[in-house]
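# Structure at a glance
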Amino acid sequence: MLLVLSLFAFFFILLPLIFHLKYPEIRWNWEKINLKTIQFPKSFIWGTATASHQVEGNCINNWSQFEGGNKTTGEPNIKDSQVSGNACEHWDRYPKDIELIKNIGVRYYRFSLEWSKIEPQKGMYNQDAINHYSDLINKLISKGVTPVITLHHFTHPIWFENIGAFEKEDNIQHLLLFSEKVFNEYSDRVKYWCTINEPAVVATQGYFTGMFPPGKKNIKLTCIVLKNLLEAHVQIYKKIKSMKNGDAAQVGIVKNINHFDPWRRYSVLDWLLTLFLNYVYNTSSIRFLKTGKFKILIPGFLWISHKNMNACTANDFFGLNYYSHNHIKFNIFNKDFFELKFHSKDTMTDMPYTIYAEGIYRAIQEVSKLSIPIIITENGVADKDDKIRAEYIQKYLYATMKSIEDGYNVIGYFYWSLLDNFEWAFGYDMKFGLYSVDFKNQIRKLREGSETFVQIIKKNESKI
Ligand code: BGC
């Protein structure tokens, strides 16, 4: 009896208490914080970001294929069966869009190369597409905007998808060859290179929730794909750093940190679940980049282990994407054994998450373990009514500033996104843009809420 009582006390009282103290969910009293004091070092990098498939238009890749709906069931994969189609016509309108970038005062633009346009068939490169990005780079530079390239932002050619994409470690060589090719083309003018955008998102959405292509639901593949994407990053880093201009290049992975917090801080089940999700989604990647060792163990079910000591020296900077966190409640009746919960006092964005600016501070703390400079490569809000954009920007920038004051090495911030665009499984319903886009006539307009961003940059830059 005593043993039963002790075990009960250990599992249901002591463990939750230890976790509660070890993993606090930071909350600040925003009423007492003066958001007007936001101030950044004068060397701080200010930028904005997009990704090819979301803005260019006319992409034929794994995503456009997925937008056609589920081949077997006929179910739509995208909200209301939307397709990316012409998107923002950024492919043709980029000269004018560069003006828009200039007008908000940022001096850096992060964009991705559309692999499927550059290498539509395996080993066959399209010179027009290569010239297109070359011109984009030249025009950016001539306007005083520094280009920042992402090599893989969720999309790849259909031929690559057909051979199993990142399900097979062998396939990494194709992305490696592509990276080598474009680094050769552009590295004389481009210093900043992001390798893979959000490996954990590609793996979990593509292979666990099935919300991204290839729409599979297989936990083993989720872990394998994550491991292969991280490995691809390391190989790309090593390759391009060994090439001409490699020394001068700044190369880094882009990782989204999304903390899972327990809905009930007293529940050991909520805790165990969140610790597991945090490990798979966040910690396993950071650990790999720190120690060269990747391990995921699901007791009695799955064991994925991988080692590459090159991983420990495979980043010149860490690209941190941060939006929000998730509260998780264990639910035995749910197919995934959990549900997402939201506190009514928290402000919802149009995406299924809340404003949680303290989280960017936590994420910065976490990735600082790698002891390399951090660039916030994405942060922004979907807010179609433009009611909370200003608040969001101020609070997340305040938290970023505080992290710098507290000694963390954050050197830049890119707002996501320059334009409203194709928000993957949500289609065009999510309005992340500093500029709204009317998709009937492609007219762009700076949102009122975005003025806050413009003013903060202006205030900080005028100190130079
Ligand atoms: C992705 C972007 C996306 C943004 C907003 C990030 O996960 O890199 O492509 O649009 O989040 O959801």
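The notes below deal with the structure included here. Because the structure is a prediction, the values reported are computed rather than measured.

Counted at 1.5 Å a residue, the expected span for helix H4 (residues 90-104) with its 15 residues is 21 Å, but the 17 Å between its end C-alpha atoms falls short. Bending of H4 peaks at approximately 50° at the position of Lys96. For H4, the full list of buried residues reads His90, Tyr94, Asp97, Ile98, Leu100, Ile101 and Ile104. Positive backbone phi, at 90°, marks Gly105, one or two positions downstream of H4.

This brings us to the packing of helix H12 (residues 358-367) against helix H13 (residues 389-405). At a minimum axis separation of 8 Å, H12 and H13 run at an interaxial angle of 35°. As for how H12 packs across H13, the hand of that crossing is right-handed. Of the residues in H13, those touching H12 at Ile360, Tyr361 and Ile364 are Tyr396, Ala399, Thr400, Lys402 and Ser403.

By size, the foremost hydrophobic cluster in this structure holds 146 residues, and its most contacted members are Trp46, Leu113, Tyr186, Trp193 and Phe453. It is helix H10 (residues 219-241) that provides the largest number of residues to this core, a total of 12 residues. Not counting residues within four places of it along the chain, the set of residues in contact with Phe453 comprises Trp46, Gly47, Val106, Ile393, Leu397, Tyr413, Tyr415 and Leu434.

This brings us to the site of the ligand. Contacts to the ligand come from 13 residues, most closely from Gln54, His153, Glu198, Glu378 and Glu423. In this structure, an oxygen atom belonging to the ligand sits 2.8 Å away from a side-chain N or O atom of His153. Taking 310 Å² as the accessible area of the ligand by itself, protein coverage stands at 94%. Considering only residue class, the shell around the ligand consists of six nonpolar, four polar and three charged.

Taken across its five residues, strand E2 (residues 108-112) has five buried, putting it largely inside the fold. Here E2 shows two buried faces, one formed by Tyr108, Arg110 and Ser112 and the other by Tyr109 and Phe111. Here strand E1 (residues 45-49) pairs with E2 via three bridges, running parallel. Bridged to Ala49 within E2 is Arg110. Where E2 meets strand E3 (residues 146-152), five bridges bridge the pair, whose relative direction is parallel. Of the residues in E3, the one forming a bridge with Tyr108 is Thr146.

Here is what the cut-offs are and how they apply
- Residues numbered from 1 in each chain as written.
- Predicted model: local features only at pLDDT ≥ 70, side-chain atom pairs only at ≥ 80, totals over all residues.
- Heavy atoms only, no water.
- Helix = DSSP H or I, 4+ residues; strand = E, 2+ residues; numbered from the N terminus.
- Expected span 1.5 Å × (residues − 1).
- Bend = angle between axes of the 7 residues up to and from the residue.
- Buried < 20%, exposed > 50% of the residue type's maximum accessible area, 1.4 Å probe, protein only.
- Axes fitted to C-alpha atoms, helices over the stretch in contact; angles between N-to-C directions.
- Left-handed = near helix turned anticlockwise from the far one by under 90°.
- Contact = heavy atoms within 4.5 Å.
- Core = buried A, V, L, I, M, F, W, Y, C linked by side-chain atoms within 4.5 Å.
- Near = heavy atom within 4 Å.
- Polar contact = N/O pair within 3.5 Å; in protein donor to acceptor, adjacent residues only side chain to side chain.
- Areas by Shrake-Rupley, 256 points an atom, 1.4 Å probe, with all protein chains shown as cover.
- Nonpolar A, V, L, I, M, F, W, Y, C, P; charged D, E, K, R; others polar.
- Pairing = 2+ DSSP bridges.

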